[in-house]
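# An overview of the molecular structure
Residues per chain are reported as follows:
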There are 2 protein chains.
Amino acid sequence: MLTLASDTLRIAALAGGVGGARLADGLQEALEAGALSVIVNTGDDFKLWGLHISPDLDTVMYTLAGLADPVQGWGLERDTWMTLEMVERYGRDPWFRLGDMDLATHILRTQMLNEGRSITEATGDLAAALGVPSHILPMCNEEVQTKVSTPDGMLDFQEYFVRRRHADPVTGISYQYSLVPQMTPQVGLAIEEAGAIVLCPSNPFVSIDPILQVEGMRAALARSSAPIVAVSPIVGGAAVKGPAADMMRSLGHEVSPVGVARLYRGLVDGMVIDTVDGALAPRIRDLGMEVEVTRTVMKDRAGRQALAADVMNFCRRLGPAKERAQA
Amino acid sequence: MLTLASDTLRIAALAGGVGGARLADGLQEALEAGALSVIVNTGDDFKLWGLHISPDLDTVMYTLAGLADPVQGWGLERDTWMTLEMVERYGRDPWFRLGDMDLATHILRTQMLNEGRSITEATGDLAAALGVPSHILPMCNEEVQTKVSTPDGMLDFQEYFVRRRHADPVTGISYQYSLVPQMTPQVGLAIEEAGAIVLCPSNPFVSIDPILQVEGMRAALARSSAPIVAVSPIVGGAAVKGPAADMMRSLGHEVSPVGVARLYRGLVDGMVIDTVDGALAPRIRDLGMEVEVTRTVMKDRAGRQALAADVMNFCRRLGPAKERAQA
């Protein structure tokens, strides 16, 4: 494990799936065991064949356990698809790709949830068994469903994202729940103890915003004296992965780190943007934020480590946050 | 498909796992589609990681679908064990072998049961999807748990059978349930319409008896005018498979087809016994039963077909049952 001088820093990172998981992995390598808490979106969670699927939690967990498929970024490396083939033989539509090893996660999590344990406890149990040294914290214990409005009507997130391959123009995002999602004590503590807070390069609308919408979350972030920085998921006018750019466009935002910075105004102290977008730095500074320009596309393990180091140095440079207006 | 002259016969077969499934398979091949109903023990059912496992139903279903592992007799041919490996990685004891394809069955069945469908409906759905031409009927819709008394105390059936490899001397069998198991309309109809009723070469104590204990089952069998025959699972003083012989011994029964016949006295009209036990036929006739002596060990597909033909011919020879005392 790479040990940096900064390894006593405690970091709370807000993350969705693949991009967030990769930066979290870089941060984990740079920090002492237990010093990283990843607060993960669960608005994409859904039920399939009675199993509770948590795509972002699993992507983060598999990545931090060193088990993620390195090419696709989600799922487990060297997984197979025998169960899914049999499910198809039973006449069920295998539209969501669940690998055989991956299924163990869903089966055991569903069992724990059905026995009355929280998603926070279940995630902690599974991640500990895989030897993950960081805290993987679901954004809340309540069930939240991110809904995507499109010209064809309102869609469940996975319906939009996987089944329809995020091809629909998105006209709005909303959240459904029966119990108001509340910040958990574990997330509250992670934010309180953090020396730096990082919004990972995840989709601002369907990965980061669901986390921010959890009751108590924005207030806890505003209370923190730690620097809060966001890494832009938009690089050179496109998303590194997924539909973030299309969503920004269809929702009327500028498809650039400036557009991302505007979304996070009042919340973050600094933006990390890619070198290809370096010319945009002054426009972001005009929004009252500091800017770090570096390589943000993590092609490999070294890329994750380099970005993590840059993010941590940026946070140290920013130092304790100035007074922040409560969002 | 082999078509015999007898193919308009309707048969109701009572079965446990591998041995019962193999005879049922032979009968299915000999009969018109839909003419065979297999009434299956569900006293071995149990929950594992939140999934509802029905070992005997699955063995019968996979066998009648032509998908069973031909060597071990249970599970699916060419199945793999990736999920189980991951379950073990999560620190859970993988004591019960669930294959990846097999898991699809448990996942979908559990989903249907949790949605409020009966085990009879769920089994019908799954078996139809696999193209099984026979009716696979769980013995009841209530949950029943076969318990095995041993010197080490009372054990769950799978604890005794799989985890402890049926090594404990069995001193008693009992059944636990919260709702009294009732004969289902589907089982009632299958028995009523049957032109012959067959007790497959399954364990008399833990496969056939749980079926007979279901409320209404013995009365329905007694009401039937069809010949009722049993195929002895004991051949040459040993069980073809499983702990039947050990159980007979430890429960104080003669370990022979005569001992089996005594268990079924008052219920069956005829016993099918193996040629190696031919000398015992007079002792069984003394119990008031007819006897058919033939090869009963089904080594291959031809063996199943031959035994099925012998059983069907025996039933025809017996003809409509004489008056029977209600058990």
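Procedures and definitions
- Residues numbered from 1 in each chain as written.
- Chains lettered and ligands numbered in written order.
- Predicted model: local features only at pLDDT ≥ 70, side-chain atom pairs only at ≥ 80, totals over all residues.
- Heavy atoms only, no water.
- Buried < 20%, exposed > 50% of the residue type's maximum accessible area, 1.4 Å probe, protein only.
- Helix = DSSP H or I, 4+ residues; strand = E, 2+ residues; numbered from the N terminus.
- Axes fitted to C-alpha atoms, helices over the stretch in contact; angles between N-to-C directions.
- Parallel < 35°, antiparallel > 145°, perpendicular 65-115°, else oblique.
- Left-handed = near helix turned anticlockwise from the far one by under 90°.
- Contact = heavy atoms within 4.5 Å.
- Nonpolar A, V, L, I, M, F, W, Y, C, P; charged D, E, K, R; others polar.
- Pairing = 2+ DSSP bridges.
- Expected span 1.5 Å × (residues − 1).
- Core = buried A, V, L, I, M, F, W, Y, C linked by side-chain atoms within 4.5 Å.
- Least-squares fit on C-alpha atoms with pLDDT ≥ 70 in both.
- Polar contact = N/O pair within 3.5 Å; in protein donor to acceptor, adjacent residues only side chain to side chain.
- Salt bridge = Lys/Arg side-chain N within 4 Å of Asp/Glu carboxyl O.
- Disulfide = S-S within 2.5 Å.
- Phe/Tyr/Trp six-rings, centres within 6.5 Å; stacked < 30°, edge-to-face > 60°.
- Lys NZ or Arg CZ within 6 Å of the ring centre and 35° of its normal.
- Right-handed = clockwise from strand over helix to strand, strands pointing away.

This part is about helix H2 (residues 55-64) of chain A. All names here are of chain A. Burial runs high along H2: 10 of the 10 residues are buried. Considered for burial, the residues of H2 that qualify are Pro55, Asp56, Leu57, Asp58, Thr59, Val60, Met61, Tyr62, Thr63 and Leu64. Just beyond H2, the residue with positive phi is Gly66, at close to 75 degrees.

Here we come to the packing of helix H4 (residues 100-114) of chain A against helix H5 (residues 119-129) of chain A. Residue and element names in this part refer to chain A. At a closest axis distance of 9 Å, the pairing of H4 and H5 adopts a crossing angle of 140 degrees. One way to sum up the angle between H4 and H5 is to call them oblique. Seen from above, H4 lies across H5 with right-handed handedness. Of the residues in H5, those touching H4 at Thr105, Leu108, Arg109, Met112 and Leu113 are Ile119, Ala122, Asp125 and Leu126. When its residues are assigned to classes, the contact of H4 with H5 shows six nonpolar, one polar and two charged.

Looking now at the sheet that holds strand E2 (residues 36-40) of chain B. Paired through their backbone hydrogen bonds, the strands of a sheet run either parallel or antiparallel. Residue and element names in this part refer to chain B. Read across the open sheet, the seven strands follow the order E5-E2-E1-E9-E10-E13-E14; overall the sheet is parallel. Bordering the open sheet on either side are strand E5 (135-138) and strand E14 (290-294), each of which pairs with just one other strand. Direction aside, the axes of adjacent strands within the sheet are offset by 20 degrees on average. In terms of strand pairing, strand E1 (residues 11-15) meets strand E9 (residues 196-199) through four bridges, oriented parallel.

To continue, consider H4(A). Residues and elements named next belong to chain A. Here H4 is 15 residues long and its end C-alpha atoms lie 21 Å apart, about the 21 Å a rise of 1.5 Å per residue gives. Within H4, 13 of the 15 residues are buried, leaving the element largely enclosed by the surrounding structure. Gly116, located one to two residues past H4, shows a positive phi value of around 100 degrees.

Another point: the nonpolar core. Nonpolar side chains tend toward joint burial in soluble globular proteins. Ranked by internal contacts, the top residues of the largest apolar core, which has 123 residues, are A:Leu23 and B:Leu23. Other than its neighbours up to four places away in sequence, B:Leu23 contacts B:Val198, B:Cys200, B:Pro201, B:Val231, B:Met298, B:Leu307, B:Ala308 and B:Val311.

What follows covers the relation of the copies chain A and chain B. Once chain A has been moved 0.0 Å along the axis and rotated by 180 degrees, it coincides with chain B to within an RMSD of 0.0 Å. These values place the two chain copies in the arrangement generated by a two-fold rotation axis. Taking the C-alpha atom as reference, chain A places A:Asp100 closest to the rotation axis, 3.2 Å from it.

Residues and elements named next belong to chain A. Relative to the helices and strands, Arg317 is located in helix H13 (residues 301-318). Separated by 27 residues in the primary sequence, Arg317 and Glu290 have C-alpha atoms spaced 10.0 Å apart. Beyond its immediate sequence surroundings of up to four residues, Arg317 is in contact with Val291 and Glu292. At 2.5 Å, the side chain of Arg317 and the side chain of Glu292 are in polar contact.

Here we take up the interface of chain A and chain B. Listed as interface residues are 29 residues of chain A and, on the opposing side, 29 residues of chain B. On the surface where chain A and chain B come into contact, there are two salt bridges. B:Asp125 serves as the salt-bridge partner of A:Arg92, at 3.1 Å between the closest nitrogen and oxygen. The interface formed by chain A and chain B includes six residue pairs in polar contact (both at pLDDT 80 or more). Secondary structure elements with two or more residues in the side of chain A that touches chain B: H2, helix H3 (82-89), H4 and H5 of chain A. Looking at the side of chain A that touches chain B, the element that brings in the most residues is H4(A), giving nine residues. Looking at side-chain class alone, the side of chain A that touches chain B contains 19 nonpolar, five polar and five charged residues.

Now for the packing of helix H2 (residues 55-64) of chain B against helix H4 (residues 100-114) of chain B. All names here are of chain B. With their axes 12 Å apart at the nearest point, H2 and H4 run at an angle of 120 degrees to one another. Here H4 runs oblique to H2, going by the angle between their axes. Considering only the axes of H2 and H4, their crossing is right-handed. Judged by residue contacts, Asp58, Met61 and Tyr62 of H2 engage Asp102, Thr105, His106 and Arg109 from H4.

Take the state of the cysteines next. All names here are of chain B. Tallied over the full model, the rule gives zero disulfides over all chains. The closest cysteine sulfur to the non-disulfide-bonded Cys140 is located on Cys200, 18 Å from its own sulfur. The exposure class of Cys200 is buried, given its relative accessible area of 1%.

A word on the sheet that holds strand E13 (residues 270-274) of chain A. Residue and element names in this part refer to chain A. As summarised here, the arrangement of the seven strands in space is E5-E2-E1-E9-E10-E13-E14, forming an open sheet in which the pairing is parallel. Two strands lie at the open edges of the sheet, namely strand E5 (135-138) and strand E14 (290-294), each paired on one side alone. Strand-to-strand twist in this sheet, taken as the mean axis angle between neighbours without regard to direction, amounts to 20 degrees. In this structure, strand E9 (residues 196-199) lies alongside strand E10 (residues 228-231), joined through three bridges in parallel fashion. Following the sheet pairing, Val198 is matched in E10 by Val229.

Our focus in this paragraph is the packing of aromatic side chains. Inspection of the entire model under this criterion finds 10 aromatic pairs over all chains. Between B:Phe46 and B:Phe96 the ring centres are 4.7 Å apart and the planes differ by 65 degrees, which places this aromatic pair in the edge-to-face class. Remark: B:Phe96 occurs in the loop between helix H3 (82-89) and H4 and B:Phe46 occurs in strand E3 (residues 46-48); sequence separation between them is 50 residues. With a centroid separation of 5.2 Å and 20 degrees between ring planes, the pair formed by B:Phe157 and B:Phe161 is classed as stacked. Residue B:Phe157 and its partner B:Phe161 are located together in helix H6 (residues 157-163), separated by four residues, close to a single helical turn. In this structure B:Phe157 comes out as buried when scored by relative accessible area, which is 5%. Each residue in the set A:Phe46, A:Trp95 and A:Phe96 is aromatic and connected to the rest through ring pairs, giving one cluster. Over the face of the ring belonging to A:Trp81 we find A:Arg97, whose NZ or CZ atom lies 4.6 Å from the ring centre.

Residue and element names in this part refer to chain B. A large share of E2 lies buried, amounting to five of its five residues. When E1 meets E2, the two strands line up parallel, connected through five bridges. Looking across to E2, one finds that Ala13 is bridged to Val38. After leaving E1, the chain enters helix H1 (residues 18-30) and then returns to the sheet as E2, a path that is right-handed. The pairing of E2 with E5 spans four bridges and is parallel. Pairing of Val40 across the sheet is with Pro138, part of E5.

Residues and elements named next belong to chain A. Of all five residues in E13, five are buried, a share of seventy percent or more. A two-sided burial pattern is seen for E13, the buried positions comprising Gly270, Val272 and Asp274 on one face and Met271 and Ile273 on the other. Taken together, the three bridges between E10 and E13 define a ladder with parallel strand orientation. Residue pairing for E13: Val231 is matched across the bridge by Val272. Bridge count for E13 against E14 is five bridges, and the pairing is parallel. Bridging across to E14, Gly270 finds its partner in Glu290.

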